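Okay, here's what each chain looks like letter by letter:
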Amino acid sequence: MTSPERHPDATGADAPASGERSGRTPSGPPPAAVPSDLLRPRARSEQVVRLVLFVCALVSIVTTVGIVVVLVRESAGFFAEVSLAEFFGDSQWTPLFDQKHFGIWPLLAGTLLTTLIAVLVALPFGLLAAIYLAEFAPERLRRVLKPALEVLAGIPTVVYGYFALTYVTPALQLVVPGLAGFNALGPGIVMGIMILPIIASLSEDAIYAVPASLREASYALGAGRLRTVFRVVVPSAFSGIGASVILGVSRAIGETMIVAIAAGQQPRLTFDPRVPIETMTAYIVQISLGDTPTGTVEYRTIFAVGLCLFLMTLVLNIAAYRLRKRMLKGGLT
Amino acid sequence: MDTVLAAPTPTPRPSGGLPSPTTTAGERAAALAAADAVARPTEKMSAHDLHAWFGKAEALKGITLPLLERRVTAIIGPSGCGKSTFVRCLNRMHEVVPGARVAGRVLLDGQDVYASQVNPVRVRRRVGMVFQKPNPFPTMSIRENTLAGLRLGGEKAPDPAGLAEKALRQAALWDEVKDILGRSGSGLSGGQQQRLCIARALALEPEVLLMDEPCSALDPIATARIEELIHGLRERYTIVIVTHNMQQAARVADYTAFFHLGELVEYDRTDVLFTRPSRQRTEDYITGRFG
Amino acid sequence: MSAPSSRTHDLAIRRAELAPQRVFQAIGLVALVLPLLLLAFLFGSSLVDAWPRLDWDFLTAFPSRKPALAGILPALVGTTCLMGLTAAIAIPVGLGAALYLEEYARPSRLTMLIELNISTLAGVPSIIYGLLGLEVFARVLGMGRSLLTGACTLALLLLPMVIMASREALRTVPQSLREASYALGADKWRTLRGVVLPMCLPGVLTGVILSLARAIGETAPLITIGALTYVAFLPDSVHSEFTALPIQIFNWVSRPQAGFHVNAAAGIVVLVGLMLLLNGFAIWLRARLQRRVYW
């Protein structure tokens, strides 16, 4: 192989090793012909390996493109028959009835309601837990509780759904009058417990990462421990805490099984947590389980709903990514 | 010293040969002066107007330096002077670091190792290297470590056991490890690990051996053993040793090059450089006025 | 506050000043432990409910119309096959992507895009992956409701986690060992195969097992791609239709009869048991890895 161009050789020769050479004329004796034992190998195996690995890395891009293409294409079919005005203007969602309505608001309301309840549960508990773990917990307790939280985050959501339906809702019915068997409150609370580890764990990382010098500066000014934590440490970790909350919200919006099992299948535009509702995700499950023929507008609704879901979580995830980047760079606000 | 030299030797030394490793540094220097005055050894490697960069920072500013065959050349200088960068350029290891660049020529037997058709992997088979910190492969046994070069190069040795023994003997490690060849190399002491790394390089039968501060992580006793080893290896290999320790350079090297701020300040026979340096900067350094 | 009257006592610790901190510590501890206790209680309740059904017959019986006779054999086999296939797809692709990003890629816009993309993919709801699998694997590629469709979908879902864990593991291999290998005249691929991969493999495996522990409970994407909820046969090939443990649980939970809810509880005990087993295995592997002496 004696082609004149430089071959990117994975051993590091793809650094422009001899890039400067053309412009210079170094002194010294003229070089001899390259002896065979120094020549580049014939095999292009290195290039092949590089290519295969590159393709592996591309799979993630292809996945994203695939998601977007699938959702957009099927949604386009849907919006060819249902106008955007109806989608965002109608207040009813009844694609399976004779009298069809395709207003997204009831599903959106269901999703937002359960998410709101989840955040109301997870935010105070998660933040308090994070501050306690990072600032006050003895090291030994911390070492036990953090992995316990991680396992908590890994419990299958179908299990949480079962808890919501068979234990939490009946227990709530004893205190909340008029609470239906399917409702937003029970699954919302259980969802809060589900996202609590995300908020607690990521916030704890952020608080733990606040440099000791800041704490010491505060102590040196005569501030007490509690004051230091709330006036100096927590505000400094704000980016990381914010990112953790956003990620928690994103998880709650996309959460499927808890609400599919325990919240009901009745899309309705309400913020009453006691009555059955339906979230966007639960609706996709409902259609997937049914026998709606493919290619019909009813079937395509799940892709339109999926697209909304995808866009909502995407915006939140990118916001969280930005915030975390800022935290890692050491920005304090 | 002269009397020792003048004394009749029972066996004639091989042509172009050097005194046996048991002689002292002083005797050796004198003998070398005599031998190299008659016939200057060939340049096994040489650098010509060699420049090297890390990103925008220029680490080497045009080095031209011969490396004589079967001689030990020491590179000395204060830290940051480019001495490590220089040896890493010799076997094209410099370019492994992201953002690193090289310009100029490095000849190995008259062949420019930076020529466009040259495979850096091939260069490194002929120009072996030992690093500052002993770095045996933790997932391999002592025997596998010794033969790692062949295995990683995808070759099969005809007699792996024999080759491993030979390399370990050359590195003066055989007697200490011959019964534990199957154990991990990580269990050895620092000095033993470094000799294992030397054995690993020697198993490939290189022509040049680059040693980048091989003793800086070792205690004095382990250092002495490595230096002894270098005395033995000079018979067969062209050795380049980077050291921040001037006494070490004086002990092991035939020739010494003094680097400062990326430039070659002075290059001469070791005894000359340390006793009669021709540059002020060299004298300041070896007398400890800076660095 | 009962402030001391004399200035000489100014430096002494005052109970009243420490009290708020004590109170806060108590609140924090409660906030942390209360959810854990609640979950423990819920698990305990499930275990009590499930107890009468937790026997060998439950593990080895096929589903049935009668709750007392129904078992989880097809679901258990389906879940096992699904996890095996998923790992077989996700490990090579994930490790390959990690190798590319850590060892080959130079900083470029494409590399940055891939990295941003991976971290965004990690946050996409799993049900969206289900829609992707339904459209691409089940319909366009004609793989139907097969095990392979399920495994491909779950593998894509796990990919971000596997890539991140593998990159983490690759970063723990010291640069000096790579250089040592290069200096011996090994090319890049041989260095990776001979030196880097053997060292980071336990770390990669830990990451993969942890992500499998997550995947074992994934229900939504499998429902979306159309995995069956009632299966009276065992899968015989990767093209076979299947059910999985979480789907079986979901199916039982959705029925009104109390008997099926007991079955669901028993299924949950098995599922959570499997998940904890995988987690425990990964933790054990990680501990072993940390004990290993490198130098």
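These figures come from a predicted structure and were not determined experimentally. Positions within a chain are numbered from 1, following the residues in the order the chain's sequence is written. To label them, take the chains in the order written and letter them from A, then take the ligands in the order written and number them from 1. With pLDDT at 70 or above as the cut-off, local features in this predicted model cover only qualifying residues; side-chain atom pairs require 80 or more to be listed or tallied, and sums for whole chains, interfaces and linings still use all residues.

A few words on the overall build of chain A. Helix and strand definitions here come from DSSP, where helices need a minimum of 4 consecutive H or I residues and strands a minimum of 2 consecutive E residues; each element is numbered from the N-terminal end. Within chain A, the secondary structure is distributed over twelve helices and zero strands. Counting other C-beta atoms within 10 Å of a residue's own tells you its class, since 20 or more makes it buried, 12 or fewer makes it exposed, and anything in between is partly exposed; those C-beta atoms are placed from the backbone. Residue burial in chain A is summarised as follows: out of 333 residues, 47% are buried. Across chain A, the fraction of contacts at a sequence separation of at least 24, relative to all contacts at a separation of at least 6, is 73%. With C-beta atoms placed from the backbone, a contact is any residue pair whose C-beta atoms sit within 7 Å.

As a further point, take the overall build of chain B. Check the secondary structure of chain B and you find 13 helices and ten strands. As a reference, a globule follows 2.2 Å times the number of residues to the power 0.38, and the radius of gyration itself is taken over C-alpha atoms. Taking 291 residues into account, the globule formula puts the C-alpha radius of gyration at 19 Å, and chain B, at 19 Å, falls close to it. With respect to the principal axes defined by its C-alpha atoms, chain B has extents near 55 × 50 × 35 Å. The proportion of buried residues among the 291 residues of chain B is 50%.

On the side of chain C, 63 residues touch chain A, which itself brings 71 residues to the contact. Counting residues per element, the side of chain A that touches chain C draws most heavily on helix 1 (residues 45-81) of chain A, at 19 residues. Note that Gly is not counted as nonpolar here; it falls among the polar residues with everything else outside the nonpolar set of Ala, Val, Leu, Ile, Met, Phe, Trp, Tyr, Cys and Pro and the charged set of Asp, Glu, Lys and Arg. Classifying every residue of the side of chain A that touches chain C by side-chain character gives 47 nonpolar, 20 polar and four charged.

With that settled, the discussion passes to the domain arrangement of chain B. Residues and elements named next belong to chain B. With domains assigned, chain B is organised as domain 1 (1-36) and domain 2 (41-286). On a C-alpha basis, the centres of domain 1 and domain 2 stand 25 Å from each other. Opposite the six residues of domain 1 that make contact, domain 2 presents nine residues. Bear in mind that the domain bounds are from an automatic or database domain assignment.

Any two strands with at least two DSSP-identified bridges between them are counted as paired. Note that strand 1 (residues 43-54) of chain B and strand 2 (residues 57-68) of chain B share nine bridges and pair antiparallel. For Phe-54 of chain B, the partnering residue across the bridge sits in strand 2 of chain B and is Ala-57 of chain B.

Let us now look at the sheet that holds strand 5 (residues 111-112) of chain B. Residues and elements named next belong to chain B. Taken together, the four strands give an open sheet; going across it, the order is 2-1-4-5, and neighbouring strands pair in antiparallel fashion. What marks the edges here is a single partner per strand, and that holds for strand 2 and strand 5. For strand 1 and strand 4 (residues 100-108), the ladder comprises eight bridges, and the chain directions are antiparallel. Each bridged residue has a counterpart across the sheet, and for His-48 the counterpart in strand 4 is Arg-105. Each axis is a line fitted through C-alpha atoms, and for a helix only the stretch in contact is used; angles between axes span 0 to 180 degrees, taken between their N-to-C directions. In this fold helix 3 (residues 83-90) packs onto strand 1, strand 2 and strand 4, with an angle of close to 65° to the strand it touches most, strand 2.

Our focus in this paragraph is the confidence of the model for chain B. For chain B, the mean per-residue pLDDT works out to 86, and 90% of the residues sit at or above 70. A low-confidence stretch, residues 1-21 of chain B stays under pLDDT 50, and its non-local contacts, those more than four residues away or across chains, total 17 contacts. Per-residue confidence from the predictor is reported as pLDDT, which spans 0 to 100.

What follows deals with the pairing of strand 6 (residues 127-130) of chain B. All names here are of chain B. Burial along strand 6 is two-sided: the face carrying Val-127 and Met-129 and the face carrying Gly-128 and Val-130 are both buried. Looking at chain direction, strand 6 and strand 7 (residues 208-212) are connected through four bridges and run parallel. Bridged to Val-130 within strand 7 is Met-211.

So, on to the confidence of the model for chain A. Scored by pLDDT, chain A comes out at a mean of 83, with 86% of its residues at no less than 70. Confidence drops under a pLDDT of 50 for residues 1-28 of chain A, and excluding neighbours within four residues, the segment shows 55 contacts in the predicted structure.

The subject of this paragraph is the packing of helix 7 (residues 212-220) of chain A against helix 8 (residues 225-236) of chain A. Residues and elements named next belong to chain A. Packing of helix 7 against helix 8 brings their axes to within 10 Å, and their N-to-C directions diverge by 155°. The orientation of helix 7 with respect to helix 8, classified from their angle, is roughly antiparallel. As for how helix 7 packs across helix 8, the hand of that crossing is right-handed. Contact residues: helix 7 offers Leu-214, Arg-215, Ser-218 and Tyr-219, while helix 8 offers Thr-228, Val-232, Val-233 and Ser-236. Here the residues of the contact of helix 7 with helix 8 sort into four nonpolar, three polar and one charged. Roughly parallel here means an angle under 35 degrees, roughly antiparallel means over 145, roughly perpendicular means 65 to 115, and every remaining angle is called oblique. We call a crossing left-handed when the near helix sits turned anticlockwise from the far one by less than a right angle, and right-handed when that turn is clockwise.

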